[in-house]
Amino acid sequence: MTHAVITGTGLYTPAHAIDNEALVASFNTWVDKENARHANAIERGERESLVHSSTEFIVKASGIHSRYVLDAEGILDPERMRPRLPQRANEENSIQCEMGLAAAREALDRALVAASDIDLVIVACSNLERSYPAVAVELQAALGAGGYAFDMNVACSSATFAIETAANAIGNGNVKRALVVNPEICSAHLNFRDRDSHFIFGDACTAIVIEADDVAVATSRFEILGTRLVTRYSNAIRNNAGFLNRVTDSDPLAEDKLFLQEGRRVFKDVCPMVAQLITDHLASLQITGDQLARLWLHQANRHMNDLIARRVLGADPMPGQAPVILDRYANTSSAGSIIALHLHHDDLADGALGVVCSFGAGYSAGSVLLRKAKK
Ligand code: CO8
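Residues numbered from 1 in each chain as written. Predicted model: local features only at pLDDT ≥ 70, side-chain atom pairs only at ≥ 80, totals over all residues. Heavy atoms only, no water.

Our next topic: the site of the ligand. Every one of the 27 residues lining the ligand counts as a neighbour, but C156, Q261, R264, N301 and A361 are closest to it. Within the side chain of R264, one N or O atom sits 2.6 Å away from an oxygen atom of the ligand. N301 places a side-chain nitrogen or oxygen 2.7 Å from an oxygen atom of the ligand. Relative to its unbound accessible surface of 1,200 Å², the ligand loses 75% to contact with the protein. For the shell around the ligand, the secondary-structure elements that each account for two or more residues are α3 (55-62) and α8 (263-284). Of the residues that constitute the shell around the ligand, the class distribution is 12 nonpolar, 12 polar and 3 charged. (Near = heavy atom within 4 Å. Polar contact = N/O pair within 3.5 Å; in protein donor to acceptor, adjacent residues only side chain to side chain. Areas by Shrake-Rupley, 256 points an atom, 1.4 Å probe, with all protein chains shown as cover. Helix = DSSP H or I, 4+ residues; strand = E, 2+ residues; numbered from the N terminus. Nonpolar A, V, L, I, M, F, W, Y, C, P; charged D, E, K, R; others polar.)

Here is the structure:
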């Protein structure tokens, strides 16, 4: 069987950043206006008054300080509180295609691969801007890539599930070079009026070039030693937006058509599930946690990552061993663990082992074991 190697990664970071102070100021302005508007109903006990958000809570509960977004102005406007992204003509590149192009070009440059030599493009992310034609097919054409392309969605685990799909296509000889792209526009699916979750997400796009080791030319690469995926049904993270909304006569703007979660329950359910997944995966390859030089974990919550890292490594992670990028990117869904990989791998020695792990809605989780190698 042909072995698959990761030869390049790329990252597109939007130009706008919103720190907690700006986000909370906008939220609290909206809360004050709403409470003033409904003062009589609140006074009569017919309505609960809304409560302020706080930067202290956000940092303490999640570790997030700031996030990048495609449009800050619309989000921070207390009269709007959602990004403003103009509709594009069918002849223009779609937004996700444009994000994907930027990340893909960096990944291809690093891999020393021409776009025309790619024969599989997978766009894998939590939210796709349309049903069809697939964004992946549009990106394939915009890049000038060959072969075939398709979209897939496994929420926050989309990147690891796509890496396994691409590695299998390479392993069975169907494909020589694949490109996995994760354009996440989380800000368009976040309820910025929900105190429990308004701070959680940011936007970004990552890209990964995966090749058969016999055709790869980049001197530095990661061998994919194995992948393991798991899913378990849960309603604790849910979004009811979908094409049936217009025929079920439900309110298309209702809160359940945006991201909703029971955060504490997710924390409790997912941490043990993920620690077990990685530990079992390593054991199946005769590797123990203490052999890992790096854990590139999904970036949802600082405490979740500390807990999972401790369980997998058997000790507190050394500085830099489980890199954190959520402090400035927030949760970028499937892009998070790949941003961590992209920004924190140059210092690894040949032969160093690391795990990319994603987890999220579904529930779904994926573990990818990598070994740094030189050609
Ligand atoms: N400011 C001040 N106080 C607040 C705020 C706020 N903004 N929000 C809540 N509080 C208060 C609550 O009211 C509560 O008060 P009290 O104790 O008086 O009742 C107190 O703070 C504690 O609230 P919580 O129990 O909710 O707080 P937690 O400590 O659990 O922290 C977190 C909340 C940060 C959300 C945490 O639970 C968490 O991170 N959980 C894990 C979440 C997770 O990993 N989710 C994965 C989702 S990502 C995913 O799967 C991808 C989906 C697809 C992407 C879609 C893009 C939009």
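Let us keep going from here.
With that settled, consider the side chain of R221. In this structure, R221 sits in strand β8 (residues 220-231). With no salt bridge to any partner, buried R221 finds its closest opposite charge in D213, at an N-O distance of 6.0 Å. A polar contact of 3.2 Å, which involves the side chain of R221, links it to the backbone oxygen of A216. Residues in contact with R221, not counting those within four places in the same chain, are V5, I6, T7, D213, A216, R371, K372, A373, K374 and K375. (Buried < 20%, exposed > 50% of the residue type's maximum accessible area, 1.4 Å probe, protein only. Lys, Arg positive; Asp, Glu negative; His and termini not counted. Salt bridge = Lys/Arg side-chain N within 4 Å of Asp/Glu carboxyl O. Contact = heavy atoms within 4.5 Å.)

Quick look at the packing of aromatic side chains now. Taken as a whole and judged by the stated rule, the model has 6 aromatic pairs. When the ring of F57 is compared with that of F199, the centres are 6.0 Å apart and the planes differ by 80°; the resulting orientation is edge-to-face. Separated by 142 residues along the polypeptide, F57 in helix α3 and F199 in the loop between β6 (177-185) and β7 (203-212) bring together distant segments of the chain. The exposure class of F57 is partly exposed, given its relative accessible area of 48%. Look at Y68 and Y329: their rings are 4.9 Å apart centre to centre, the planes differ by 50°, and that puts the pair in the tilted class. Of the two residues, Y68 sits in strand β3 (residues 66-69) while Y329 sits in helix α10 (residues 326-329), which places them 261 residues apart along the sequence. Note on Y329: relative accessible area 4%, which makes it buried. (Phe/Tyr/Trp six-rings, centres within 6.5 Å; stacked < 30°, edge-to-face > 60°.)

Before going further, it helps to spend a moment on the packing of helix α5 (residues 95-111) against helix α6 (residues 135-143). Relative to each other, α5 and α6 sit at 55°, their axes nearing to 10 Å. Here α6 runs oblique to α5, going by the angle between their axes. Seen from above, α5 lies across α6 with right-handed handedness. In this structure, α5 uses Q96, C97, G100, L101, A104, R105 and L108 to contact α6, whose residues at the interface are V135, E138, L139, A142 and L143. Split into classes, the residues belonging to the contact of α5 with α6 amount to 8 nonpolar, 2 polar and 2 charged. (Axes fitted to C-alpha atoms, helices over the stretch in contact; angles between N-to-C directions. Parallel < 35°, antiparallel > 145°, perpendicular 65-115°, else oblique. Left-handed = near helix turned anticlockwise from the far one by under 90°.)

Within β7, 10 of the 10 residues are buried, leaving the element largely enclosed by the surrounding structure. For strand β1 (residues 4-12) and β7, the ladder comprises 8 bridges, and the chain directions are antiparallel. Residue pairing for β7: L11 is matched across the bridge by T206. One ladder, built from 9 bridges, connects β6 with β7; its direction is antiparallel. Residue pairing for β7: N182 is matched across the bridge by T206. (Pairing = 2+ DSSP bridges.)

A word on unusual backbone geometry. A cis geometry characterises the amide bond from Y132 onward to P133, with omega recorded as -5°. The peptide bond linking G362 to Y363 adopts the cis configuration, its omega dihedral lying at -5°. Checked against the element boundaries, Y363 lands in the loop between β12 (353-360) and β13 (364-374). We note that A155 has phi near 50°; this positive angle belongs to a residue other than glycine. Mapped onto the fold, A155 is located in the loop between β5 (148-152) and α7 (158-171). For S333, which is not a glycine, the phi torsion comes out positive at approximately 55°. Note that S333 resides in the loop between α10 and α11 (335-343). Residue S333 is classed as buried on the basis of its relative accessible area, which comes to 2%.

For the pair helix α1 (residues 20-37) and α3, the least separation of the axes is 9 Å and the interaxial angle reads 125°. The pairing of α1 with α3 is recorded here as oblique in orientation. For the element pair α1 and α3, the recorded crossing hand is right-handed. Residues N20, E21 and V24 of α1 pack against T55, I58 and V59 of α3.

A separate point is the nonpolar core. By size, the foremost hydrophobic cluster in this structure holds 50 residues, and its most contacted members are I278, L292 and L295. When contributions to this core are tallied by element, the ones reaching two or more residues are α1, α4 (72-76), α8, β11 (292-297), α9 (302-313), β12 and β13. Per element, the largest residue contribution to this core is 9 residues, and it comes from α8. Apart from the residues lying within four places of it in its own chain, the contact partners of I278 are L295, L297, I308, V312, V355, C357 and S367. Among the nonpolar cores identified, the runner-up in size contains 39 residues, and A167, A204, L341 and V368 belong to it. (Core = buried A, V, L, I, M, F, W, Y, C linked by side-chain atoms within 4.5 Å.)

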